[in-house]
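Single-letter residue listing:
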Amino acid sequence: DATFGLVAFGLLAFSLISAVLMIISMIFNLIGVIQSSKDEPSFKVIIYIIIVGLVSTIGVSVANAVIAEESTALNNFAQVVSDMVHSITTILIIQGITNMATTLGNEAVCKKGQTLFHLIIWIALINIAMKAVILCIPAKAAVGAEVILMVVTAVLSVIQYIIYLSFLSKASKMLKQS
């Protein structure tokens, strides 16, 4: 069963690389938020949320290493915490930038922030609804539904991410002009 061992090793390597990248991403996010908290007080709350996410990610990684195998329950917990931290952080960053845009009188950035905020809420609600529907589907049919859910979620996430990056670009330009 060399193929099984190779697949298992590949999955373990992918999981470890993903965990490391997630931690690096959270650290960069934390640095950016710390710098921004000087200009907008609402960013200070985000610092604590990012730290919670970072600690939970590191804790799950250490726990998986200690028990010498990946725990589905731990990974599911880490994913839930990570999703919550990411969503809350994104929403609070959008709100903070929107507050700054309002203070600076930049209506375009303010309006884009409000639109993005609503889009993120709708995408989250759609994802929750799709996951709830999958829970009601029989196990055999759920496999196909989960694939569809993953594709729809991925597409919605890419759209959200592109709009979010566009918003951050506009916010950066706004701050450079002021």
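Keep in mind that what you see is a predicted model, and the values were worked out from it rather than measured.

(A) The arrangement of the overall build of the protein in detail. Within the protein, the secondary structure is distributed over 5 helices and 0 strands. For the protein, buried positions account for 29% of its 178 residues. Excluding contacts between residues fewer than 6 apart, the proportion of contacts in the protein whose partners are at least 24 apart in sequence is 66%.

(B) A look at the side chain of Asn106. Relative to the helices and strands, Asn106 resides in the loop between helix H3 (72-104) and helix H4 (107-135). Here Val109 takes part through its backbone nitrogen, which lies 3.1 Å from a polar atom of the side chain of Asn106. Excluding anything up to four places from it in sequence, Asn106 contacts Ala101 and Met174.

(C) Here's a closer look at the nonpolar core. If you look at the biggest cluster of nonpolar residues, it comprises 20 residues, and the most contacted ones within it are Val33, Phe43, Ile93 and Ile97. Where this core is concerned, the elements lending two or more residues are helix H1 (2-36), helix H2 (43-66), H3, H4 and helix H5 (139-177). Top contributing element to this core by residue count: H3, with 6 residues.

(D) A look at the confidence of the model for the protein. Model confidence for the protein is summarised by a mean pLDDT of 78, while 81% of its residues fall at 70 or above. Looking across the protein, the model is least confident in H1, with a mean pLDDT of 74, and most confident in H4, with 81.

(E) Structural context of the side chain of Thr98. Take Thr98: it is sitting in helix H3. For Thr98, a relative accessible area of 6% puts it in the buried group. Non-local contacts of Thr98, meaning those with residues more than four positions away in its chain, are made with Cys110, Gly113, Gln114 and Phe167.

(F) Focus on the environment of Phe117. Looking at where Phe117 falls in the secondary structure, it is placed in helix H4. It is 9.4 Å that separates the C-alpha atoms of Phe117 and Tyr164, two residues lying 47 residues apart in sequence. Non-local contacts of Phe117, meaning those with residues more than four positions away in its chain, are made with Ile91, Ile94 and Gln95.

(G) Up close: the environment of Thr89. Positionally, Thr89 belongs in helix H3. Its relative accessible area of 2% is what places Thr89 among the buried residues. The sequence separation of Thr89 and Ile50 amounts to 39 residues, and the corresponding C-alpha distance is 7.3 Å. Thr89 has contacts with Asn29, Ile46, Ile49 and Ile50, leaving out every residue within four places of it along the chain.

What counts and how
Residues numbered from 1 in each chain as written. Predicted model: local features only at pLDDT ≥ 70, side-chain atom pairs only at ≥ 80, totals over all residues. Heavy atoms only, no water. Helix = DSSP H or I, 4+ residues; strand = E, 2+ residues; numbered from the N terminus. Buried < 20%, exposed > 50% of the residue type's maximum accessible area, 1.4 Å probe, protein only. Contact = heavy atoms within 4.5 Å. Polar contact = N/O pair within 3.5 Å; in protein donor to acceptor, adjacent residues only side chain to side chain. Core = buried A, V, L, I, M, F, W, Y, C linked by side-chain atoms within 4.5 Å. pLDDT = per-residue confidence, 0-100.

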